[in-house]
Amino acid sequence: MSEYEMAADTPVEEDQVATCRFKLNFLDFIGEPIEGLTCRITLTLDDGSQQTLSATTDAEGYVPPMENLPIGSTAMIEVKNDAGQYRPVGDVFMDSPAITTTAISPKVKIELLPMQLHEGEPGTIEDEIPDIACDPDVIVLDPGQLSVPPPAVASPATLAAPNAKPRVRNLSHNVGVSSKPILKQGRDKTGKPMTVVLFNKGDWYEKAGAGVRAGIHWLWSWADFTPERKGKPTRARLALKNPPSAPEAVKELIRVAEQNTKLRINQSATTVIANMTNGKFDRKYKDKESWISLGFCARYVNIALKQAQIINGHMNLPCASVAGPQLEELGFRDVTDAVPDPRWAAAGDVIVYKWSDQEWEKKKREGKNPNPSLPNYGHIDIRSYDSYISDFKPKMQHPEWRNYVDIKIYRKVYDLMPTLRMKAFLRCLREYECQAERDDAKRYHMLNSPLPNGEKRFANFAKHPWYGVMDHLPHNGSSAAGAYQMTSDTWREFLKVVEPHLSNIQDTPTFSPLMQDRLAVAILESKSALASVRTGNIQEAVNKITGRWSSLPGGKHNLNRKTPDGKPMDMNYFTALFNTYLNEEMKKESLA
């Protein structure tokens, strides 16, 4: 009988508070326990109060078991790095009487061999570096249990050397047995000393297989086992709960949410979810166009979250605008302050809105408030890769921003790739618009024409540098300024889009680097290019905005553009630049 089953069989008195026993241990990437690791566990209870515990791992990589943790609490786990700083690695939700979590590091500590003289005779130690590329079709793993599904693979003939025999590996089920790395010392072709880490038959694949079979939160996916990646993990994070890994959970959430926009669900969320629980949700609802709103955004979001198994239970909402506290009770985090605005939200984020006073009064006059005693009932939707989903998908791929205020963003399962693509694309725009300035940070200060005082850079981000002094613009000069070379007119036009309820431009820095980024994204959105960027259709996005940024490939000012080393700044260059920047953004998030 497992530890979970034994705990589940233990009767709980009616007046006894259900508690959890939590065991946590840490392994390195070859399955060896990490001894002496200092970690910090911050426990958040249902009432919002927190308790912080510190512990050090023993010789088996375990921290002392934590007893009597309230069911429903969440433990945030942090580890102390060599610099003495704590770094979060993940959260664990206490949803059963006994939980054992294994966190596996993407690194391994090794004991170095004795040092050698720097110079020496050329050697062949480089030939000993293990080839960790593998043939996915001959490894006995269940792809469905891995965090990323296996991509389509070429035939074995294209993966293996001529006359090579397939390597069939019988994977071990013995997770607790591991072999420390074997080190071999020698010299490379230039005579420099080199130490190579070797593995015996109990290598990565075997331990990955054992880890998967044992239900460990493993860190690798099929994408990692390619000649290009050489086993470098895509991410080093702890799983939040038992549902599928975040990207797969996000895809499922968006799939069911989009599917439901084509149905007229005329029952309450409570009734529909009860039917789903009892296996009676047969989806026999009338069809509708996905862009038609029925005014039941909260109902549809509630149902989609339950269908995709993102939440246990459901939200009991009188209206959408008050969903925030209940989302947090169901495991979501308020990330509003960390996201520039909803356009930047990760796929899977849930966004909660209130109507502006003007729009709210309008709806009351139109009689669209079903219950006059309700507060401003607002709106709720799910950010997808290219749109926003509730009971409908807006035709223009985004909400009517001027109708909303007090917008909050909540996160549980999410995919950051759309946001990272946005950041990489913006860096490409800055490169094309401000090529003469090699320091990316200084591009936010650039001017196309000198200001009346002769300055060729501006330092005051309170407003556009040409605001109020356009009469002094030189003949044939341009008011283009900042990292995206926006004119004063463009700034005023899109400031109303980004901050539609800003009454006084003096209230906030309206041309800061962050605001310049937000304005550029709003311009992308206005050209229907933002969805293309978020989904990775980069050439399509560029084609849509060359009228606004003519320095881009296909624009009228791009024909003779060259890089500093003389290469044409064509679409091939833009794509290569985008991929470089995207990889950098992924590394910042431990995704590469």
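Just so we're clear, the structure is a prediction, and the values are computed from it rather than from any experiment.

Caption draft 1: View of the overall build of the protein. A count of helices and strands for the protein gives 14 helices and 14 strands. Burial analysis of the protein (592 residues in total) assigns 44% to the buried set. Restricting to contacts in the protein with at least 6 residues of sequence separation, those with at least 24 account for 69%. For the protein, the accessible surface area stands at approximately 31000 Å², while carbon and sulfur atoms represent 50% of it.

Caption draft 2: Representation of the pairing of strand β14 (residues 404-411). Of the pairings in the sheet, the one linking strand β10 (residues 333-334) to β14 comprises two bridges and is antiparallel in character. Paired with R333 across the bridge in β14 is R411. In this structure, strand β11 (residues 350-355) lies alongside β14, joined through five bridges in antiparallel fashion. Bridging from a neighbouring strand, I351 pairs with I409 of β14.

Caption draft 3: Molecular detail of empty space enclosed by the protein. Taken as a whole and assessed by the stated rule, the structure comprises four cavities of 30 Å³ or more. Taken as a whole, the largest cavity spans an internal volume of roughly 70 Å³. A total of three residues in the lining of the largest cavity trace back to one element, the largest contributor, which is helix α12 (residues 530-534). Each residue belonging to the lining of the largest cavity can be placed in one class, and the counts come to four nonpolar, two polar and four charged.

Caption draft 4: Highlighting the sheet that holds strand β2 (residues 38-44). Across the sheet, four strands lie side by side as β3-β2-β5-β6; this open sheet has antiparallel pairing. For this open sheet the edge positions go to β3 (50-56) and β6 (86-93), each flanked by a neighbour on one side alone. On average, each strand axis in the sheet is inclined to that of its neighbour by 20°, with strand direction left out of account.

Caption draft 5: Summary view of the environment of R548. By secondary structure assignment, the location of R548 is in the loop between α13 (538-545) and α14 (571-588). For R548 and K527, which are 21 residues apart along the polypeptide, the C-alpha to C-alpha distance reads 9.1 Å. Excluding residues that lie within four positions of it along the chain, R548 makes contacts with T490, E493, F494, I523 and K527. One polar contact links R548 to T490, side chain to side chain, over a distance of 3.1 Å.

Caption draft 6: Local environment of the packing of aromatic side chains. Summed over all chains, the structure comprises 13 aromatic pairs. Residues Y432 and Y573 carry aromatic rings whose centres are separated by 6.2 Å and whose planes lie at 50° to one another, so their mutual orientation is tilted. With Y432 in helix α9 (residues 417-433) and Y573 in helix α14, this residue pair connects regions lying 141 residues apart in the sequence. Joined through ring pairs, the aromatic side chains of Y353, W355, W360, Y377, Y388, W401 and Y404 make up one cluster. Residue placement shows R411 over the ring face of Y414; its charged tip is 4.9 Å from the ring centre.

Caption draft 7: Spatial organisation of the sheet that holds strand β13 (residues 388-389). Taking strand neighbours across the sheet as the criterion, the five strands line up as β10-β14-β11-β12-β13 in an open arrangement whose pairing is antiparallel. Every other strand in the sheet has two partners, leaving β10 and β13 as the edge strands with one partner each. In the packing of helix α6 (residues 297-307) onto the sheet, the strands contacted are β11, β12 (379-383) and β13, and the crossing angle to β12 comes to about 35°.

Caption draft 8: Highlighting helix α8 (residues 357-365). Taken together, the buried positions of α8 are occupied by E359, W360 and K363. The buried residues of α8 all sit within an arc of 100° when viewed along its axis, so they share a single face. Turned more than 90 degrees away from the buried face of α8 sit D357, Q358 and R365, all of them exposed. The secondary structure elements touched by the buried residues of α8 are β11.

Caption draft 9: Quick peek at the packing of α13 against α14. The contact between α13 and α14 brings their axes to 11 Å, and the two run at 120°. The pairing of α13 with α14 is recorded here as oblique in orientation. The handedness of the crossing between α13 and α14 comes out as right-handed. Contacts from I538, Q539 and V542 in α13 reach M571, F574 and F578 in α14. Taken together, the residues that form the contact of α13 with α14 break down as five nonpolar, one polar and no charged.

Caption draft 10: Local environment of the packing of α9 against α14. As a packed pair, α9 and α14 sit with axes 8 Å apart at the nearest point and diverge in direction by 130°. Judged by the inter-axis angle, α9 sits oblique to α14. For the element pair α9 and α14, the recorded crossing hand is right-handed. Along its contact with α9, which presents M417, L420, R421, K423, A424, F425, R427, C428, E431 and Y432, the element α14 presents Y573, F574, L577, F578, Y581, L582, E584, E585 and M586.

Thresholds applied
- Residues numbered from 1 in each chain as written.
- Predicted model: local features only at pLDDT ≥ 70, side-chain atom pairs only at ≥ 80, totals over all residues.
- Heavy atoms only, no water.
- Helix = DSSP H or I, 4+ residues; strand = E, 2+ residues; numbered from the N terminus.
- Buried < 20%, exposed > 50% of the residue type's maximum accessible area, 1.4 Å probe, protein only.
- Contact = heavy atoms within 4.5 Å.
- Areas by Shrake-Rupley, 256 points an atom, 1.4 Å probe, with all protein chains shown as cover.
- Pairing = 2+ DSSP bridges.
- 1 Å grid on protein atoms, 1.4 Å probe; cavity = no way out; pocket = protein on both sides within 12 Å on 5 of 7 lines; lining within 4 Å.
- Points joined across faces, edges and corners; volume = space filled by probe spheres on them.
- Nonpolar A, V, L, I, M, F, W, Y, C, P; charged D, E, K, R; others polar.
- Axes fitted to C-alpha atoms, helices over the stretch in contact; angles between N-to-C directions.
- Polar contact = N/O pair within 3.5 Å; in protein donor to acceptor, adjacent residues only side chain to side chain.
- Phe/Tyr/Trp six-rings, centres within 6.5 Å; stacked < 30°, edge-to-face > 60°.
- Lys NZ or Arg CZ within 6 Å of the ring centre and 35° of its normal.
- Arc of directions from axis to C-beta.
- Parallel < 35°, antiparallel > 145°, perpendicular 65-115°, else oblique.
- Left-handed = near helix turned anticlockwise from the far one by under 90°.

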